[in-house]
Amino acid sequence: MTDYKLEYVTRLFEKTNNKKIENYVITRLWHKLDNVDIKMVPQQYVSRDNSKYALTDIYFPQFGICVEVNEPAHYFTQEKIETDFKRNQEIEQKISCEVIEIDCRPSLSEIHKQIDDVVRIINNKIEIQKRNKSFNAWCPENEFSVEFWQKKKIIELNKNIGFFTIDDVCRLFNADPQKIKRGFLRKGAIAHPKNDKIVIWWPSVNPRSNWKNTYNQDTGEIIESNVDVQKNYNHFNWGLKNSETRIVFLHHKDVLGFATYKYCGVYQVNADKTRSLQKLVWTRISNKFNLETLEN
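Residues numbered from 1 in each chain as written. Predicted model: local features only at pLDDT ≥ 70, side-chain atom pairs only at ≥ 80, totals over all residues. Heavy atoms only, no water.

K.L.:
Describe in detail the pairing of strand β11 (residues 189-192), supporting the description with residues and values.
P.N.:
Here β11 runs beside strand β12 (residues 195-201); their pairing, made up of 4 bridges, is antiparallel. Counted as the bridge partner of Ile-190 is Ile-200 from β12. Counting the residues between successive antiparallel strands, the hairpin from β11 to β12 contains 2 residues. (Pairing = 2+ DSSP bridges. Helix = DSSP H or I, 4+ residues; strand = E, 2+ residues; numbered from the N terminus.)

See the structure below:
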């Protein structure tokens, strides 16, 4: 792959090509910041109340700031204004951030002033963090580095940890990737080398050999099923008798099209839901896992 940051930023701009005003604002914001140590995350998923969710326009995880680019349609009715206000309140509460709105109804020069205000706020936060020695530069080399997370010892859901290959997932736990090979195929999981009651699992949401996995982004719940009735029955009954714990790395594509094995937490079988749905249901029991002590 070419330089990851270059690829990331160009994909980010491409993602907003169909929204011309939003694309202009985000592009100008990036160039005005002029700092490759800052990460801009598009369409950050935020779980809301009543089984709803929001996708923010741009999220700056290093500073707890969301920027919403409001085109004129956001102000057509009072109901829409109130809906947006409530949505932004929930976003702020759910991910402990500040939502800054850029009103795109005024003139271009007024829009520029609003963008400049955002740049000033972010640069001030950078200065404060640098003085406190708490500034963490955007470093993809660390995000996808096995060695980096081994030194950290603890992996956590909110750190957006992911790896490009199954081999890297195995190496994180010092598991031998050769043990998952079956000819030209690979197993879907491997036992932890220090505790065979812990399994490292890399499911995919793409159907494979009549197997289907679904992942609920709000609850983290994973449901396994097979279109073959007998295989499905045997599988969820096996799961009901199984006491293993699974550390899950879900294979998926993010909003920019990067395919990774993303850490999703520590899981165990939910017996009640499995019996109810007649499908094997895995429930997240912890967001973090200690690579050293094997505790969650």
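On we go.
K.L.:
Outline the confidence of the model for the chain, listing residues and values.
P.N.:
Mean pLDDT over the chain stands at 91; residues scoring 70 or higher make up 97%. Highest mean pLDDT in the chain belongs to helix α4 (residues 108-131) (97); lowest belongs to strand β10 (residues 185-186) (60). (pLDDT = per-residue confidence, 0-100.)

K.L.:
Residue-level account of the packing of helix α2 (residues 20-33) against α4, with values.
P.N.:
Two quantities define a packed helix pair, namely the angle between the axes and the distance from one axis to the other. Contact geometry for α2 and α4: axes closest at 10 Å, N-to-C directions at 45°. Our classification of the angle between α2 and α4 gives oblique. In this structure, α2 meets α4 at a crossing whose hand is right-handed. Of α4, the residues touching α2 (which contributes Tyr-24, Val-25, Arg-28, Leu-29, Lys-32 and Leu-33) are Leu-108, Ile-111, His-112, Ile-115, Asp-116, Val-118, Val-119, Ile-122 and Asn-123. The residue inventory of the contact of α2 with α4, partitioned by class, reads 10 nonpolar, 2 polar and 3 charged. (Axes fitted to C-alpha atoms, helices over the stretch in contact; angles between N-to-C directions. Parallel < 35°, antiparallel > 145°, perpendicular 65-115°, else oblique. Left-handed = near helix turned anticlockwise from the far one by under 90°. Contact = heavy atoms within 4.5 Å. Nonpolar A, V, L, I, M, F, W, Y, C, P; charged D, E, K, R; others polar.)

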